[in-house]
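Spelled out from the first residue to the last, the chains are:
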Amino acid sequence: MSRRTQTLPEDYFLGMYASDPDPWRFTSSSYERDKYAATLAALPRARYRTAFEPACSIGVFTHALSERCERLLATDLVPAALEDARARCADRPHVEIRQGTMPADWPEERFDLIVLSEFLYFLAPEDFAALVRRAGATIAPGGDIVLVHWLGETDYPLSGDGAAEGFIRLSAPFAQVLSQARTDKYRIDVLRAGTAP
């Protein structure tokens, strides 16, 4: 299967949600449920002061992650998905949900947790590298970056392993691998940013 060479366009995702409000079965899939539990279990700290979750979709994981954060910013590019995410997290005043594409709309704030779950492989190399740079600029000293990637075959610009290994390689100047876990379906890599000099 040949890979796409460009970042997947907004229309790709808009079209998916236009035909199905939950195209990846976030609310019903046992894969998603197990992966969410494993992701939360992989977090090295019980609580985070401020976290960022780009590509939050309809906010199923956002709602679960919010229990571990004093403040959580989540973004997505699809308006319909954001409506669902806002409704799902309406009982969580410390959760802010914004529209934005990655890496162009990466926020300027500092975070002590960044969760990059199942979207890095949608990015072409130049956008991927830009996102790693933005993560490096906004992760707080000693903060954690969690990478979650599906390992199945796709035509995306990167494979799950390619995205994870690429992020680890490009982020080496500012973060080191803390832990790694792998199943037959996904991998979770946890990186920790260096402390301030």
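Residues numbered from 1 in each chain as written. Predicted model: local features only at pLDDT ≥ 70, side-chain atom pairs only at ≥ 80, totals over all residues. Heavy atoms only, no water.

Peer 1: With reference to specific residues and values, describe the overall build of the protein.
Peer 2: Across its full length, the protein carries six helices and seven strands. Moving toward the C terminus, one meets the helices and strands of the protein in the order α-α-β-α-β-α-β-β-α-β-α-β-β. Taking 2.2 N^0.38 as the reference for a compact globule, 197 residues should give roughly 16 Å; the C-alpha atoms of the protein span a radius of gyration of 16 Å, in line with that estimate. Expressed along its principal axes, the backbone C-alpha trace of the protein runs to roughly 50 × 45 × 30 Å. When the 197 residues of the protein are sorted by exposure, 51% land in the buried category. Across the protein, contacts joining residues at least 24 apart in sequence account for 67% of those joining residues at least 6 apart. Summed over all atoms, the accessible surface of the protein reaches about 9,000 Å², with 53% contributed by carbon and sulfur. Of the side-chain charges in the protein, 22 are positive and 28 negative, and the distance between the mean point of each set is 5 Å. (Helix = DSSP H or I, 4+ residues; strand = E, 2+ residues; numbered from the N terminus. Rg over C-alpha atoms; globule rule 2.2 N^0.38 Å. Buried < 20%, exposed > 50% of the residue type's maximum accessible area, 1.4 Å probe, protein only. Contact = heavy atoms within 4.5 Å. Areas by Shrake-Rupley, 256 points an atom, 1.4 Å probe, with all protein chains shown as cover. Lys, Arg positive; Asp, Glu negative; His and termini not counted. Charge placed at Lys NZ, Arg CZ, Asp CG, Glu CD.)

Peer 1: Before we move on, could you go through the side chain of Ser-117 and cite the residues and values that matter?
Peer 2: Residue position: Ser-117 is located in strand E4 (residues 111-117). Not counting chain neighbours up to four residues away, the residues in contact with Ser-117 comprise Lys-35 and Val-148.

Peer 1: Provide a residue-level description of the environment of Ala-37, including the pertinent values.
Peer 2: Residue position: Ala-37 is located in helix H2 (residues 30-42). Its relative accessible area of 47% is what places Ala-37 among the partly exposed residues. Put simply, Ala-37 and Ala-64 are 27 residues apart on the chain and 9.0 Å apart in space, counted from C-alpha to C-alpha.

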